[in-house]
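Analysis of the macromolecular model
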Amino acid sequence: MEAVDNTPETYGVLAEYETPEALLDAAEKAYAAGYRKIDAYSPYPIEGLAEVMGVKKTILPALVLGAGLTGAIGGYLMQYVPSVILYPLNVGARPLNSWPAFIPISFEVAILLAASTAVIGMIALNGLPRPYHPLFNAESFERATQDRFFLCIEADDTQFDSAAVQTFLESTTPISITEVEA
Amino acid sequence: MADANNHKQQPDNDGQDHLIGPGHDIRSIDDSIGGIVLEQRHPASWLFAFAVGSALFMVFLTSTAYLILKGVGIWGINIPVAWGWAIINFVWWVGIGHAGTLISAILLLFHQDWRTSINRFAEAMTLFAVACASLFPLLHLGRPWLFYFIMPYPNTMGMWPQFRSPLAWDVFAVNTYATVSALFWYVGLVPDLATMRDRAKNRITQVACGIASLGWRGSARHWFRYEMAYLLLAGLATPLVVSVHSIVSYDFAVSLIPGWHTTVFPPYFVAGAVFSGFAMVMTLMIPIRKLYGLEDFITMRHINNMAKITLATGLIVAYGYSMEFFVGWYSGHEEEQFMLMNRVTGYYWYVFAALILCNVLTTQLLWFRSIRQNLVALFIISIIINIGMWLERYLIVITSLHADFLPSSWGTYHGTIWDWTLYIGTIGFFVVLLLVFIRFLPMISMFEMKHLHHKLQHKAKH
């Protein structure tokens, strides 16, 4: 019988910082040091943090624009088809395709689809909902949503070596460093 | 310029010019706001208010049950006044909702940082006000369970909605508004729910907040998309809120009735909506900040700013009233002129007098800084404005309908006891929803307050 390997695999090494400035600085250094599988965690959004980790843009605005246009055209057709083809009502010989009257609903449907896409798209692109995450194993991590700032260098980074990463993170003067189990 | 500098150098007497009271750090922000929910620090008056709200909600249920049993004949509506309190209350409630979207979306786009401590609460107010509003057209249908007839779907009757009617536009506008407001509110709540999950001591709260927060962990990559989504939502909600009350005004303006058929309606309705909405925010905020000790977060500066917006929109509303009279005179339209004279001196003259007293004269008090800093005075003024805005819709609906083109079909209208009970009942419904919200969710956005705190500190350093 083969021996079961009980040593947990590592998700990454997590460093904890007191201030957003320290985290921003550390994230910048980590990216400069060549680490790419990194992520930072903070209780509120920090300007420029994602950018220093190489996140440049998101597809979200394009999705929202697409949804808005789809909504506008779809909303118009939703009115055009019944009013002109399925149930034409001749009221005083006014045109069946009375487009000015169709604008309000087209607009509302466009907003509805665009706004829903902004929310659902954001959640989906973020990989949420995800009630469990390895980082939640780190005891200090519950403060990531409260008053502490974290940087994690993940184990699937090509450069990852636990000892080297720990030494690197030491140089960024964190409050604590934890190795997180996967 | 000199004035602005001078203002900044003033000693901070009781923190009047602060957005956040002195001595707070990001931990104490969580404690003060999240603690209310997690430690259930509620004043005894919560229970009292809940009891009153529930009692009124019972009145609503009774009134609705009797309405469904008997039909809309129990209301005061007649011919010629076929639209009575139901439409008045609908417009009143939708209008109140508009302040919430203005605060959360428009002020965000204008970088008004002071919106941060009131946006969550105001958005909740929007949601609940829209919930109350939508009940009225629904119940006015007579057979509310057939409401889906207004939606376009293939059916065995072979019928389709009349899309050229503002009433059909209204359905789409109000439903979109309710959905987008709910999305906006929920997205704002997600990071706070994660904070609650991590702070909670008991298992039920942890699991409930854990599910509701979608497993939010504050990742920078997530925040990046989150902020983008929030900005996009604000950009979409801004034209939406303007469109909603414009469309509500089309319910009137697209008709031919004197007093309704006027192009000033959309902007004047939107301004009136924001006016009544801010009045309602003040009516609710002033007691709540006191009872919950939130003076450090909803400071006198917030109150002052809200009073100023109320004044500004109140002036636009007053301008709208005067334009109605000007256009009536300038148009040379006989029925329009009769209608306006009839409003001022006719059967319903007292409604017009009360309206001017509430909305135009009382509002002028807000020019004075001493009034804007006096919470009792502001509370009373805000209630007067709420009443005034209700009277405005009463005036628009009733006086226009009761005497239009044909003198032979003139009539009068008064609400019955069932109109009263349904209206007061929805106030109970609103109060109950609001109190439940305060009890179980953080009423001020914690993460945005922490963000604001950081920004303010950053500014102070430079």
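Note that the structure is a prediction, hence the values are computed from the model and not measured. Each residue is numbered by its place in its chain's sequence as written, counting from 1. Written order determines the labels here, with chains lettered from A and ligands numbered from 1. Side-chain atom pairs in this predicted model are given and counted only at pLDDT of 80 or more, local residue features only at pLDDT of at least 70, and totals for whole chains, interfaces and linings cover all residues. By convention in this description, side-chain values take in all heavy atoms of the structure and omit both hydrogens and water.

Considering the overall build of chain B
Scanning chain B from N- to C-terminus turns up 16 helices and zero strands. When we talk radius of gyration, it's over C-alpha atoms, and the globule rule is simply 2.2 Å times the number of residues to the 0.38. A compact globule built from 462 residues would reach a C-alpha radius of gyration of about 23 Å, and chain B, at 23 Å, matches this within 12%. By principal-axis analysis of the C-alpha atoms, chain B measures approximately 75 × 60 × 40 Å. Per-residue burial over chain B gives 57% buried out of 462 residues. For chain B, restricting intrachain contacts to residue pairs at least 6 apart in sequence, the fraction spanning at least 24 positions comes to 82%. Of the roughly 19,100 Å² of accessible surface on chain B, a fraction of 69% belongs to carbon and sulfur atoms. By the criteria applied, helices consist of DSSP H or I runs no shorter than four residues and strands consist of E runs no shorter than two, each listed in order from the N terminus. Each residue is assigned to one of three classes by its accessible area relative to the maximum for its type, calculated with a 1.4 Å probe on protein chains only: buried under 20%, partly exposed between the two thresholds, exposed over 50%. It only takes one pair of heavy atoms within 4.5 Å for two residues to be counted as in contact. What sets the accessible areas is the Shrake-Rupley method with a 1.4 Å probe; for residues, cover comes only from the shown protein chains.

Details of the overall build of chain A
Across its full length, chain A carries five helices and four strands. Each helix and strand of chain A, placed in order from N terminus to C terminus, yields the pattern β-α-β-α-α-α-β-α-β. The C-alpha radius of gyration computed for chain A amounts to 26 Å, which surpasses the reference 16 Å derived for 182 residues by more than 25%, pointing to a less compact arrangement than a globule. The C-alpha extent of chain A, read off along each of the three principal axes, is 85 × 50 × 30 Å. Across chain A, every contact between residues at least 6 apart in sequence was considered, and the portion connecting residues at least 24 apart equals 77%. Accessible surface computed for chain A: about 9,100 Å², of which carbon and sulfur atoms make up 61%.

Details of the domain arrangement of chain A
Often, the extent of an interface is quoted as the loss of accessible area on bringing the components together. Here chain A is partitioned into domain 1 (10–55 + 134–181) and domain 2 (60–125). Boundaries between domains were set according to an automatic or database domain assignment. When each unit is reduced to the centre of its C-alpha atoms, the spacing between domain 1 of chain A and domain 2 of chain A is 45 Å.

Points about the pattern of salt bridges
Residue and element names in this part refer to chain B. Salt bridges are counted wherever a side-chain nitrogen of Lys or Arg sits within 4 Å of a carboxyl oxygen of Asp or Glu. Applying the stated criterion to the full structure yields 16 salt bridges over all chains. Two residues, Asp30 and Arg199, come together in a salt bridge whose shortest N-O distance is 3.9 Å. Of this pair, Asp30 sits in helix α2 (residues 26–38) while Arg199 sits in helix α6 (residues 166–199), placing them 169 residues apart in sequence. Each member of the pair, Asp30 as well as Arg199, is classed as buried. Among the salt bridges present, the one from Arg393 reaches Glu392, with a minimum N-O distance of 4.0 Å. Overall, the relative accessible area of 3% leaves Arg393 in the buried class. With a relative accessible area of 2%, Glu392 lands in the buried category. Connected through shared salt-bridge partners, Asp30, Asp31, Arg199 and Lys450 make up one network.

Looking at the packing of helix α5 (residues 119–140) of chain B against helix α15 (residues 417–440) of chain B
Residues and elements named next belong to chain B. Fitted lines through C-alpha atoms give the axes, limited to the stretch in contact for helices. The angle between two N-to-C directions lies from 0 to 180 degrees. Between α5 and α15, whose axes approach to 10 Å, the crossing angle comes to 150°. Relative to α15, α5 is oriented roughly antiparallel. The hand of the α5/α15 crossing is right-handed. Here α5 contributes Arg120, Phe121, Ala124, Met125, Phe128, Ala129, Ala131, Cys132, Leu135, Phe136 and Leu139 to the contact with α15, which in turn contributes Leu422, Tyr423, Thr426, Phe429, Phe430, Leu433, Leu434, Phe437 and Ile438. Gly counts as polar in this scheme, as do all residues outside two lists: the nonpolar Ala, Val, Leu, Ile, Met, Phe, Trp, Tyr, Cys and Pro, and the charged Asp, Glu, Lys and Arg. Each residue belonging to the contact of α5 with α15 can be placed in one class, and the counts come to 18 nonpolar, one polar and one charged. Put simply, angles under 35 degrees are roughly parallel, angles over 145 are roughly antiparallel, angles from 65 to 115 are roughly perpendicular, and the rest are oblique. Handedness of a helix crossing follows the sense of rotation of the near helix relative to the far helix, less than a right angle counterclockwise being left-handed and clockwise being right-handed.

So, the packing of aromatic side chains
To pair, rings of Phe, Tyr and Trp, with the six-membered ring standing in for Trp, must have centres within 6.5 Å; the planes then decide the type, stacked if under 30 degrees apart, edge-to-face if over 60, and tilted in the middle. Inspection of every chain in the model, using the stated rule, returns 53 aromatic pairs over all chains. Note on Tyr268(B) and Phe269(B): the rings are 6.0 Å apart at their centroids and 85° apart in plane angle, and the pair reads as edge-to-face. Neither residue differs from the other here; Tyr268(B) and Phe269(B) are each classed as buried. Seen in terms of ring centroids, Tyr348(B) and Tyr394(B) are 6.1 Å apart; in terms of plane orientation they differ by 75°. Their pairing is edge-to-face. Here Tyr348(B) is found in the loop between α11 (334–345) and α12 (349–361), whereas its partner Tyr394(B) is found in helix α14 (residues 375–402), with 46 residues between them in sequence. When sorted by exposure, Tyr348(B) lands in the same class as Tyr394(B), which is buried. Aromatic ring contacts, followed pair by pair, group Trp85(B), Trp92(B), Trp93(B), Tyr347(B), Tyr348(B), Trp349(B), Tyr350(B), Trp390(B), Tyr394(B), Trp420(B), Tyr423(B) and Phe430(B) into a single cluster. To sit over a ring, a charge needs its Lys NZ or Arg CZ within 6 Å of the ring centre and within 35 degrees of the ring normal. In this arrangement the basic side chain of Arg36(A) is found over the ring face of Tyr31(A), its NZ or CZ atom lying 3.7 Å from the centre. Positioned above the aromatic ring of Trp46(B) is the side chain of Arg439(B), whose terminal nitrogen or guanidinium carbon lies 4.2 Å from the ring centre.

Brief notes about the sheet that holds strand β4 (residues 176–181) of chain A
All names here are of chain A. Paired strands are those between which DSSP finds at least two bridges. On the basis of which strands lie adjacent, the open sheet formed by four strands has the order β2-β3-β1-β4 and antiparallel pairing. With partners counted over all chains shown, the strands left at the sheet margins are β2 (38–41) and β4, one partner each. Direction aside, neighbouring strands of the sheet carry axes that sit 20° apart on average. Note: strand β1 (residues 10–17) against strand β3 (residues 149–154), six bridges, orientation antiparallel. Opposite Ala15, over in β3, you have Leu151 as the bridge partner.

Notes on the nonpolar core
If you look at soluble globular proteins, the nonpolar side chains tend to sit buried side by side. Residues grouped as a nonpolar core are buried Ala, Val, Leu, Ile, Met, Phe, Trp, Tyr and Cys residues, joined through side-chain atoms within 4.5 Å. Residues Phe252(B), Phe430(B), Phe437(B) and Met443(B) are the most contacted members of the largest nonpolar core, which totals 184 residues. Summarising the domain contributions, this core has at least three residues from each of domain 1 (10–55 + 134–181) and domain 2 (60–125) of chain A. Among all residues touching Met443(B), those that are not within four sequence positions of it are Ile33(B), Ile36(B), Arg120(B), Phe121(B), Ile288(B), Tyr292(B), Leu294(B), Phe437(B) and Ile438(B). In this structure, Leu14(A), Ala138(A), Phe150(A) and Val180(A) belong to the second largest nonpolar core, which totals 10 residues.

What about the interface of chain A and chain B?
Taken together, the contact between chain A and chain B spans 65 residues of the former and 52 residues of the latter. Throughout, the accessible surface (probe 1.4 Å) given up by two parts as they are put together, summed over both, is called the buried area. Together, the buried faces of chain A and chain B total about 5,400 Å²; carbon and sulfur atoms form 69% of this surface. Between chain A and chain B we count two salt bridges in total. What qualifies as a polar contact is a pair of N or O atoms within 3.5 Å, subject to a donor-acceptor requirement within protein and to the restriction that residues adjacent in sequence count only when both atoms come from side chains. Summed over the shared surface of chain A and chain B, the number is 25 residue pairs in polar contact (both at pLDDT 80 or more). In terms of residues, the side of chain A that touches chain B owes the most to one element, helix α4 (residues 99–125) of chain A, which gives 17 residues.

Details of the packing of helix α4 (residues 85–109) of chain B against α15(B)
Residues and elements named next belong to chain B. With their axes 10 Å apart at the nearest point, α4 and α15 run at an angle of 20° to one another. Judged by the inter-axis angle, α4 sits roughly parallel to α15. The handedness of the crossing between α4 and α15 is right-handed. Residues Trp85, Asn89, Trp92 and Trp93 of α4 form the contact with α15, whose participating residues are Asp419, Trp420, Tyr423, Thr426, Ile427 and Phe430.

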